[in-house]
Amino acid sequence: MADNPNTGKIAITVGSILGVLGIALGYYTYSSTQTPSVATAIDKKEIAVDALSKAEDMLGKLAEARNMHGPKMGGDNAPHTYHLFFSPEMWQVADPEKGENILVDIYKNNPNIHEGIENTWFIENGLKDIIGMSDAPDQDNDSDGFTNREEYLAKTNPKDALSHPLLIQEGANKVFVDKIQKFDYIVTVSSNLSIETPENAKNAEWLFKIYVDGRDRDRVRAKVGGKFGPAEEPERFVLTGFEQRNYNPNDPADKQTVAIVEDTMRGSKEKAVAIRPGVTLNGDRLFGTPNAKGYSVQNRTATLKITAGAGAGQTIDVREGATFKLPGDKDHEFSLESVKDDDTITVIPLPDGAPVTVGKQN
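Residues numbered from 1 in each chain as written. Predicted model: local features only at pLDDT ≥ 70, side-chain atom pairs only at ≥ 80, totals over all residues. Heavy atoms only, no water.

### What about the overall build of the protein?
And step 1. Along the backbone of the protein there are five helices and 17 strands.
And step 2. Burial status across the protein gives 35% buried among its 362 residues.
And step 3. In the protein, the share of contacts with a sequence separation of at least 24, taken over all contacts with a separation of at least 6, comes to 37%.
And step 4. By element, 50% of the accessible surface of the protein is carried by carbon and sulfur atoms, the whole surface being about 22500 Å². (Helix = DSSP H or I, 4+ residues; strand = E, 2+ residues; numbered from the N terminus. Buried < 20%, exposed > 50% of the residue type's maximum accessible area, 1.4 Å probe, protein only. Contact = heavy atoms within 4.5 Å. Areas by Shrake-Rupley, 256 points an atom, 1.4 Å probe, with all protein chains shown as cover.)

Here it is in structure tokens:
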């Protein structure tokens, strides 16, 4: 029989195939006894030995719970099991009760890395990159003047400078008293104006004197329905009419014609005041009593400085009794209820907030 010229080639081919199958069988036998490692996203940081031990225990439990079965290799062979470990974000925090570190999954809220703030709050608000920093609650990531803890408590967005807590609130004020301006004066009906009958009073032009610091400074005239006031606020008062009143308890018939004036800066229940002719100045026996002559006005204006929000660095002048809005915050309105002698003020957030005491910045 003649030699087949292809015999050598066939032998080489068969040998190659048998070699590949041998390598595959060897790999399968080896891999069935090994657990392939899978890279994780755990940060490469120094970890205490006790923490490593706990991590290994957790790895075993997670690997056991996350077995994946591959396809059968043929015949009755059991499916091959791949042990995969899907790592959560693991952190160490100190447990003061146990006196040791414990592992924390930041996607859970027990325990929290930062006391009083859920781990998930940082993640949901785009602050995952700072959750491991010790000062994360005290940072101001949107530069609006409020810390992350203040934004958390107010339920505002810590990454939006236009979303922030109230600028005036008890215990977290971002508005302070810069200075208090005082302007006091007395409005009087001139004693030179003699009116004997109501008819004369109705048609007469009334002369008012404005005393500032005890001296007769401004003189203004007004008829019924007319406005008047000192130079600083020339339309504060309205002359609404006149009345006959008795101020002499010993003679009921002794009556005087008094001017009835509306003070537009007073509360709605106290707008109307009666002003007797003449003047009772500070130091006189009747000063400040219902029988005093003239109407005493105490003006208090607070200059407020804003330290947070879009209006940070700006100031605003607010008169006692006035309502106001702060620069950069058009959504909230406040009322300046009173100005104290110690340079503090009482402010009420409208419509129904609790009174807040505002003082100078320390």
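### With respect to unusual backbone geometry
And step 1. Residue P351 follows L350 across a cis peptide bond; omega there is 10 degrees.
And step 2. Here P351 shows up in the loop between strand 16 (345-349) and strand 17 (356-358).
And step 3. One non-glycine residue with positive phi stands out, namely S143, at about 55 degrees.
And step 4. Turning to its location among the elements, S143 is positioned in the loop between helix 3 (119-124) and helix 4 (148-154).

### So, the pairing of strand 9 (residues 237-246)
And step 1. Here two bridges tie strand 8 (residues 227-228) to strand 9, and the two strands are oriented antiparallel to one another. Pairing of K227 across the sheet is with V238, part of strand 9.
And step 2. Taken together, the nine bridges between strand 9 and strand 10 (residues 255-263) define a ladder with antiparallel strand orientation. Bridging across to strand 10, E243 finds its partner in V258. (Pairing = 2+ DSSP bridges.)

### Looking at the sheet that holds strand 6 (residues 206-212)
And step 1. The strand order across the open sheet built from five strands is 7-6-5-12-13, with neighbouring strands paired in antiparallel fashion. The two strands at the open ends of the sheet, each matched to only one other strand, are strand 7 (215-222) and strand 13 (315-319). Neighbour-to-neighbour, the strand axes of the sheet open up by a mean angle of 25 degrees, direction not taken into account.
And step 2. Pairing analysis gives seven bridges linking strand 6 to strand 7, with the strands arranged antiparallel. (Axes fitted to C-alpha atoms, helices over the stretch in contact; angles between N-to-C directions.)

### Topic: the side chain of S335
And step 1. Relative to the assigned elements, S335 resides in strand 15 (residues 329-339).
And step 2. Among the residues examined, S335 registers a relative accessible area of 6% and is labelled buried.
And step 3. At a separation of 2.5 Å, a polar atom in the side chain of S335 contacts the side chain of E337.
And step 4. Beyond its immediate stretch of four places on either side in the chain, S335 contacts A322, T323, F324, T346, V347, I348 and L350. (Polar contact = N/O pair within 3.5 Å; in protein donor to acceptor, adjacent residues only side chain to side chain.)

### Structural notes on the nonpolar core
And step 1. The biggest cluster of nonpolar side chains holds 21 residues, and the ones touching the most others in it are I168, L304, F324, L326 and I345.
And step 2. Of all elements in the fold, only strand 5 (175-189), strand 12 (295-306), strand 13, strand 14 (323-326), strand 15, strand 16 and strand 17 reach the threshold of two or more residues within this core.
And step 3. What L304 contacts, discounting residues up to four positions off in sequence, is V175, F176, V177, Q314, T315, I316, V318, F324 and I345.
And step 4. Core analysis: the second largest hydrophobic core is formed by 19 residues, Y185, V187, I210 and L239 among them. (Core = buried A, V, L, I, M, F, W, Y, C linked by side-chain atoms within 4.5 Å.)

### Some points on the environment of P277
And step 1. By secondary structure assignment, the location of P277 is in the loop between strand 11 (272-275) and strand 12.
And step 2. Linking P277 and A292, residues 15 residues apart in sequence, is a C-alpha distance of 9.8 Å.
And step 3. Look past the residues within four positions of P277 in its chain and what remains in contact with it is V189, T257, V258 and K293.

### Side note on the confidence of the model for the protein
And step 1. Overall, the predicted model of the protein reaches an average pLDDT of 77, with 66% of residues at or above 70.
And step 2. Taken element by element, the predicted model of the protein shows its lowest mean pLDDT in strand 2 (residues 81-83) (43) and its highest in strand 17 (95).
And step 3. Across residues 33-47, confidence stays below pLDDT 50; counting only partners more than four residues off in sequence or on other chains, it has twelve contacts.
And step 4. Throughout residues 79-87 the model reports pLDDT below 50, and contacts reaching past four residues in sequence, or to other chains, amount to 30 contacts. (pLDDT = per-residue confidence, 0-100.)

### Looking at the sheet that holds strand 10
And step 1. Spatially, the four strands line up as an open sheet ordered 8-9-10-11, and their pairing is antiparallel. The open sheet has two edge strands, strand 8 and strand 11, and neither has a second partner.

### Some words on the environment of I348
And step 1. Its location among the elements puts I348 in strand 16.
And step 2. For I348, a relative accessible area of 19% puts it in the buried group.
And step 3. Through-space distance from the C-alpha of I348 to that of L336 is 6.7 Å; in sequence the pair is twelve residues apart.
And step 4. With residues near it in sequence (within four places) discarded, I348 still touches E333, F334, S335, E337, G353, A354 and P355.

### Some remarks on the packing of aromatic side chains
And step 1. Tallied over the full model, the rule gives eight aromatic pairs.
And step 2. Each ring, one from W121 and one from Y152, has its centre 5.5 Å from the other, and the planes form 85 degrees; the classification is edge-to-face. Of this pair, W121 sits in helix 3 while Y152 sits in helix 4, placing them 31 residues apart in sequence. Neither W121 nor Y152 differs from the other in exposure class; each is buried.
And step 3. An angle of 90 degrees between the planes, with centres 6.5 Å apart, marks the rings of Y185 and F237 as edge-to-face. With Y185 in strand 5 and F237 in strand 9, the pair connects residues that are 52 residues apart, well separated along the chain.
And step 4. The ring of F146 carries K174 above its face, with NZ or CZ at 5.2 Å from the centroid. (Phe/Tyr/Trp six-rings, centres within 6.5 Å; stacked < 30°, edge-to-face > 60°. Lys NZ or Arg CZ within 6 Å of the ring centre and 35° of its normal.)

### A look at the side chain of D329
And step 1. Relative to the helices and strands, D329 is located in strand 15.
And step 2. There is no salt bridge for the buried D329, and the closest opposite charge comes from K330, which lies 8.2 Å off by N-O distance.
And step 3. A distance of 3.0 Å separates a polar atom in the side chain of D329 from a polar atom in the side chain of H332. (Lys, Arg positive; Asp, Glu negative; His and termini not counted. Salt bridge = Lys/Arg side-chain N within 4 Å of Asp/Glu carboxyl O.)

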